[in-house]
Amino acid sequence: MPKVNTVHTSGKRKKATARATITKGIGRIRINSIPIELYQPELARLKMLEPIQIAGELAKQVDINVSVNGGGVMGQANACRTAIARALVNYFDDRTLESTYRAYDRSLVVNDARQKEPKHPEGRGARKKYQKSYR
């Protein structure tokens, strides 16, 4: 049984930041006040449901509210899944659940720190350079 009533966690991916609040409940999950069952696009919803499906019955004992902003759709989905997985691990203080998450996908409990490389001068992007003629 959990030691605390509420746990606040966060997850990040690229420019997206998600903050999850977990409390005792009946299994409701909301992303920016939208029930996860109605969240679009479907691929992002399936991504966010991964930590809940792995947790199984534990997830039906709690309500999870996630607020996410910044980044794109899939960046937000990955930030949400990290925040949800961390919240479940911290709320239930369950190291076996954490090791299960790590075995499935390490980014469930660890932020993915990779960022877009910024554009550099003398080029159209981060790596591409304008062509030289030497004549």
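Preceding this paragraph is the structure being described.
No experiment lies behind these values; they were computed from the predicted model shown. (Residues numbered from 1 in each chain as written. Predicted model: local features only at pLDDT ≥ 70, side-chain atom pairs only at ≥ 80, totals over all residues. Heavy atoms only, no water.)

A. Structural detail: the sheet that holds strand β3 (residues 29–31). Spatial ordering of the open sheet is given by β1-β2-β5-β3-β4, a layout of five strands whose pairing is mixed. Pairing within the sheet leaves two strands with one partner each, and these edge strands are β1 (6–13) and β4 (34–35). Contacts from helix α2 (residues 73–92) reach β1, β2 (16–24), β3 and β5 (62–69) within the one sheet, and its direction differs from that of β1 by about 150°. (Pairing = 2+ DSSP bridges. Helix = DSSP H or I, 4+ residues; strand = E, 2+ residues; numbered from the N terminus. Contact = heavy atoms within 4.5 Å. Axes fitted to C-alpha atoms, helices over the stretch in contact; angles between N-to-C directions.)

B. Local environment of the pattern of salt bridges. For the coordinates displayed, the defined rule picks out ten salt bridges. Across the salt bridge formed by R13 and D112, the nearest N and O atoms sit 3.5 Å from each other. Of this pair, R13 sits in strand β1 while D112 sits in the segment after α3 (95–104); the two residues are 99 residues apart in sequence, bridging distant segments of the chain. Per residue, the accessibility class of R13 equals that of D112, and both read buried. When the shortest N-O distance is used, the salt bridge between D63 and R28 registers 3.4 Å. With D63 in strand β5 and R28 in the loop between β2 and β3, this pair connects stretches of sequence that are 35 residues apart. Overall, D63 belongs to the buried group, its relative accessible area being 13%. (Salt bridge = Lys/Arg side-chain N within 4 Å of Asp/Glu carboxyl O. Buried < 20%, exposed > 50% of the residue type's maximum accessible area, 1.4 Å probe, protein only.)

C. Spatial organisation of the side chain of Q76. Tracing the sequence through the fold places Q76 in helix α2. For Q76, a relative accessible area of 15% translates into the label buried. With residues up to four places along the chain from it excluded, the contact list for Q76 reads A16, Y39, V68, N69, G70 and G71.

D. Molecular detail of unusual backbone geometry. For the peptide bond that leads from Q40 to P41, omega is 0°, which places it in the cis range. Mapping P41 onto the fold places it in the loop between β4 and α1 (42–55). For K14, which is not a glycine, the phi torsion comes out positive at approximately 50°. You can see K14 is positioned in the loop between β1 and β2. For S33, which is not glycine, the phi torsion reads 65° and is therefore positive. Among the structural elements, S33 can be located in the loop between β3 and β4.

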